Structures are given as structure tokens and as C-alpha cells.
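Chain by chain, the residues:
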Amino acid sequence: MPIRPPHTIATALLMLALSCGAQARSPHDAQQQVAGVYHQQIGELQVTALFDGAVALGRQELVGIDPTTVTRLLDHRYVPEDAQGLQTAVNAYLVQRGDHLSLIDTGTAQCFGPGLGQVLGNLRAAGHDPAEVDDVLLTHAHPDHMCGLLDAQGKTAFPNATVWLSQADASYWLDPASEATAPQQLRMAFGMARNAVAPYVAAGKLHRFTPGERLPVGITAVDSHGHTPGHVSYLLDGGNDQKLLVWGDIVHFHAVQFARPDAAFEADSDRTAAIASRRRLMAEASDQGWWVAGAHLPFPGLGHVRREGEAFAWVPGEFSPLKR
């Protein structure tokens, strides 16, 4: 067998290496995003943000503010927008104190179609079995917050949990008489609410409460009605001067409503009350330095509020490693 000159062998090896490298760097299209899970330590609490998906909200659903101002506030904020509207996250929050697990809001499950309903999967991705959840606290009774009480088969998603819903929202959304007099576009939500809580009611695990009550494991319900008649936020004391306000639907359009808290959302049941709740909670969160978690803030929706003159600004939390 003839012996190849060294340069020929080197050339062959180089071509082989380039061929292997080209194969290793072949294009790869990701099929899905990373798991929608983010952990944040707040005092003694480990808070896990759970992404449910995203919905589109049209800028025309902002009321009490002229379209020109909306356009100006959205300019260079780079909120993804298509023909359906502005991308708006749906988030839920798992709070662990010791061995106790509380889930605040549950996402949409099957109520809003594909692209949503990811809370249960992300809860498992975070290392928790839904059966481990001790309490589910609902900020209000809209489908994107409570349909996730049921799994994909329509069964109880959190079989060992007590469900907490404000008396005012329960009285309104679970009453067929309210449905009969509600605006047509909202009527479908009543049946969804009754269906979501039905197995918990049957098991004696739905607890109605009023704001101000001290709830499980150092959680206090804060009256923030306006978006719904009984909308509440939850203030959690993590110790070490660390507090977390999980404020539900105080904000839907983050690029607009921090700068203009007086801009209401079309779906608010009482716009004047919703604006008052937004101003009050933004001011208190800013003045007290609380952490804030928002159901419709860009995932993970954890951060702080800063005053800017008569208005406010959202300060997203920085990515932080967990302390061991």
C-alpha cells in the first residue's frame, strides 16, 4: 500500500474535522421554550413563579386614556403585539414556608384554549406534586385565575388543598342570579367559576373569607376590589423585614398603567374602584419597599414599584441564584 505524503494525511484529517464540526453545528430548531418556572427567596419564603401562558389584550381595551397617549407610552417599550393585541402573561405563584405550600391563583387550565394552561406542568417541573399543595388562594374568580382548579380531565387538580375565595366574589360569581343580569360578554365566566369550584364545594374545601382576615401561614388578604367586586391581594410576611404583595389583576398593561394608574381596563367591574386600588397598592408597595408579584406582569412578574413623580414605574427583579 502506498504511503501518503504527510501533507495529504494532514489535509484528510482537516477535512474530516471540518466535516464533523459542520455536523455538530447543524441547525437546530427549538420545539419549546424553557420551563416557565422561577424561584425567588423572600425572607423565609421561597416563592416560585409559574407561567401559565400568554393572552393578547388589545390596546383599545384601555379606557379613560386617549389612544395617542397609549401609543406614546408603548413607544420603545417593545411589548410584543400582533393583530390580536399586546402579549400579556398569565402567572401564578407557589409560596413555600417550611413544609407548607400555598398556591396563589391557578391559571386557565382548559378554559382559554391552546397556548395556556401550563401551571400544573410547570408546578411539576418545579419539583412539586399538585397533591402537596395545602392551600389555594384566589385573587378573584375570573377564568384565568381559577379554571386551573381542575386538571385536563376536569378532575380536582389539588385534591388535598383548601380553596380560599373572597366572600364578595363568591357571592357574585357563583350565583346564577348574577349571571342573568351580567353583561353578555361576561356570562360565560359564571359557569366556568361554578364548575371550577364544584368538587371543592362538594368536599367542603371552599372557604369564603373577608379582607383583613389572617389566612394560613402568615398571609393577609388586602381589599383591592374594582376589577371584580371581591378582588383581593395577598400580603405575605417573609420575616427579616421582607414582605411580598401578590396583587392579582391590579395591572394588565404594565407599559401604560404604571405611568398612568388612572387608565382603566375595559373588563373592570368598577373602574373608579379599580383605579383607587391600583394607586393605593402601588403607593404602599413603593413606600414600604415590598416585593410585588403580578398575574399579568412579564414573567416571572416579580419585582418592585418605584415612584416617578405622581406616577410609578415597574422595577423587575434581577435574576438571583438561590442561597443554600
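Bear in mind that the values here come from a model prediction, so they are computed numbers and not experimental data.

A look at the sheet that holds strand S16 (residues 302–308)
- Pairing is mixed across the open sheet formed by seven strands, whose spatial order is S10-S11-S12-S13-S15-S16-S17. Edge strands, defined here as strands with exactly one partner in the open sheet, are strand S10 (214–215) and strand S17 (311–316).
- Across two bridges, the pairing between strand S15 (residues 291–293) and S16 is antiparallel. When the bridges of S16 are listed, Val-292 appears paired with Gly-303.

Brief notes about the packing of aromatic side chains
- On inspection of all chains with the given rule, the structure shows ten aromatic pairs.
- Centroid distance Phe-253 to Phe-265: 5.8 Å. Interplanar angle 65 degrees. Geometry classified as edge-to-face. Pair noted here: Phe-253 is in the loop between strand S13 (243–246) and helix H8 (254–257) and Phe-265 is in strand S14 (residues 264–265), with a separation of twelve residues, a long-range link.
- A relative accessible area of 5% places Phe-253 in the buried class.
- A residue is classified by how much of its surface remains accessible, and Phe-265, at 6% relative accessible area, is buried.
- What links up through ring pairs into an aromatic cluster is the set Trp-164, Phe-209 and Tyr-234.

Some remarks on the pairing of S16
- Strand direction decides the pairing type here: S16 and S17, joined by six bridges, are antiparallel. Among the inter-strand pairings, Glu-308 is bridged to a residue of S17, identified as Ala-311.
- Joining the antiparallel neighbours S16 and S17 is a turn of two residues, in which Gly-309 adopts a positive phi near 65 degrees.

Looking at the pattern of salt bridges
- Inspection of the entire model under this criterion finds six salt bridges.
- The partner of Glu-44 in a salt bridge is Arg-97, and the shortest N-O contact between them spans 3.7 Å. Taken as a pair, Glu-44 in the loop between strand S1 (37–42) and strand S2 (45–57) and Arg-97 in strand S5 (residues 85–97) lie far apart in primary sequence, 53 residues in all.

A few points about helix H7 (residues 187–202)
- Taking 1.5 Å as the rise per residue, H7 with 16 residues should run 22 Å; its terminal C-alpha atoms sit 23 Å apart, in good agreement.
- At Ala-196, H7 shows its maximal bend, which comes to roughly 30 degrees, and the proline Pro-199 appears one to four places after that position.
- Where H7 is concerned, the buried positions are Ala-189, Phe-190, Ala-193, Ala-196, Val-197 and Tyr-200.
- For H7, the elements touching its buried residues are helix H4 (143–146), strand S8 (162–166), helix H5 (167–173), helix H6 (176–181) and strand S9 (206–209).
- In the stretch just after H7, Gly-204 is the one whose phi turns positive, near 70 degrees.

Here we look at the nonpolar core
- The biggest cluster of nonpolar side chains holds 31 residues, and the ones touching the most others in it are Leu-103, Val-133, Val-136, Met-146, Leu-149 and Phe-158.
- Of all the elements in the fold, those that place two or more residues in this core are S5, strand S6 (100–104), helix H3 (119–125), S8, H5 and H7.
- For this core, the leading source of residues is H7, giving six residues.
- Beyond its immediate sequence surroundings of up to four residues, Leu-103 is in contact with Leu-50, Ala-92, Tyr-93, Leu-94, Val-133, Asp-135, Val-136, Leu-137 and Phe-158.
- With 22 residues, the next largest nonpolar core counts Phe-209, Leu-215, Tyr-234 and Val-246 among its residues.

Regarding the environment of Ala-89
- For Ala-89, the position within the fold is in strand S5.
- Along the sequence, Ala-89 and Leu-297 sit 208 residues apart, while their C-alpha atoms lie 6.2 Å from each other.

Some details on the side chain of Asp-105
- Of note, Asp-105 is situated in the loop between S6 and H3.
- Within the buried set, Asp-105 has no salt-bridge partner at all; the shortest N-O distance to an opposite charge, 15 Å, is to Arg-278.
- Among the polar contacts made by the side chain of Asp-105, one reaches the main-chain amide nitrogen of Thr-139 at a distance of 2.9 Å.
- Among the polar contacts listed, one links the side chain of Asp-105 to the side chain of His-145, at a separation of 2.8 Å.
- Once residues within four sequence positions are removed from consideration, Asp-105 is found in contact with Ala-92, Leu-137, Leu-138, Thr-139, His-140 and His-145.

Comments concerning the confidence of the model for the protein
- Across the protein, the average pLDDT comes to 92, with 91% of residues at or above 70.
- Taken as a whole, residues 1–6 scores under 50 in pLDDT and shows two contacts with residues more than four places along the chain or in a different chain.

Observations concerning the side chain of Asp-169
- Its place among the elements puts Asp-169 in helix H5.
- Summary of buried charges: Asp-169 has no salt-bridge partner, and the nearest side chain of opposite charge, Arg-208, is 11 Å away.
- Excluding residues within four positions of it along the chain, Asp-169 makes contact with His-140, Ala-141, Leu-174, Thr-228, Pro-229, Gly-230 and His-231.

A short note on unusual backbone geometry
- Omega for the bond connecting Phe-299 with Pro-300 falls within 30 degrees of zero, at 10 degrees, which places this linkage in the cis form.
- The topology assignment puts Pro-300 in the loop between S15 and S16.
- Even without a glycine there, the phi angle at Tyr-78 is positive, about 60 degrees.
- By secondary structure assignment, the location of Tyr-78 is in the loop between helix H2 (67–74) and strand S4 (81–82).
- Tyr-78 sits in the exposed class, given a relative accessible area of 67%.
- With a phi close to 55 degrees, Asn-240 is a non-glycine residue in the positive phi region.
- Within the fold, Asn-240 resides in the loop between strand S12 (232–237) and S13.
- Judged by its relative accessible area of 63%, Asn-240 falls in the exposed class.

Procedures and definitions
Here the residue numbering is sequential within each chain, running from 1 through the sequence in written order. Local features in a predicted model are, by the rule used here, given only for residues with pLDDT of at least 70; side-chain atom pairs are given and counted only at 80 or more, and totals for whole chains, interfaces and linings are based on all residues. Think of the side-chain values as coming from all heavy atoms in the structure, minus any hydrogens and water. Two strands pair under a simple rule: DSSP has to find at least two bridges between them. Here a helix means four or more residues in a row that DSSP labels H or I, a strand means two or more in a row labelled E, and each is numbered from the N terminus. The aromatic pairing rule takes the rings of Phe, Tyr and Trp, using the six-membered ring of Trp, and pairs them if the centres are within 6.5 Å, calling planes under 30 degrees apart stacked, those over 60 edge-to-face and the rest tilted. Three exposure classes are used, based on accessible area relative to the maximum for each residue type with a 1.4 Å probe and protein chains only: buried under 20%, partly exposed in between, and exposed over 50%. Just to be clear on terms, a salt bridge is a Lys or Arg side-chain nitrogen sitting within 4 Å of an Asp or Glu carboxyl oxygen. Expected span of a helix: the number of residues minus one, times 1.5 Å. The bend at a residue is defined as the angle formed between two axes, one fitted to the seven residues ending at that residue and one fitted to the seven starting there. Contact between two residues is taken to exist if any of their heavy atoms lie within 4.5 Å; hydrogens are not considered. Here the nonpolar core consists of buried residues drawn from Ala, Val, Leu, Ile, Met, Phe, Trp, Tyr and Cys, with membership extended through side-chain atoms lying within 4.5 Å. We count Lys and Arg on the positive side and Asp and Glu on the negative side, and we leave His and both chain ends out. In the analysis that follows, any N or O atom pair within 3.5 Å is treated as a polar contact, provided that within protein one partner can donate a hydrogen and the other can accept it, and provided that, for residues neighboring in sequence, both atoms belong to side chains. The predictor's confidence in any single residue is recorded as pLDDT, a number from 0 to 100.

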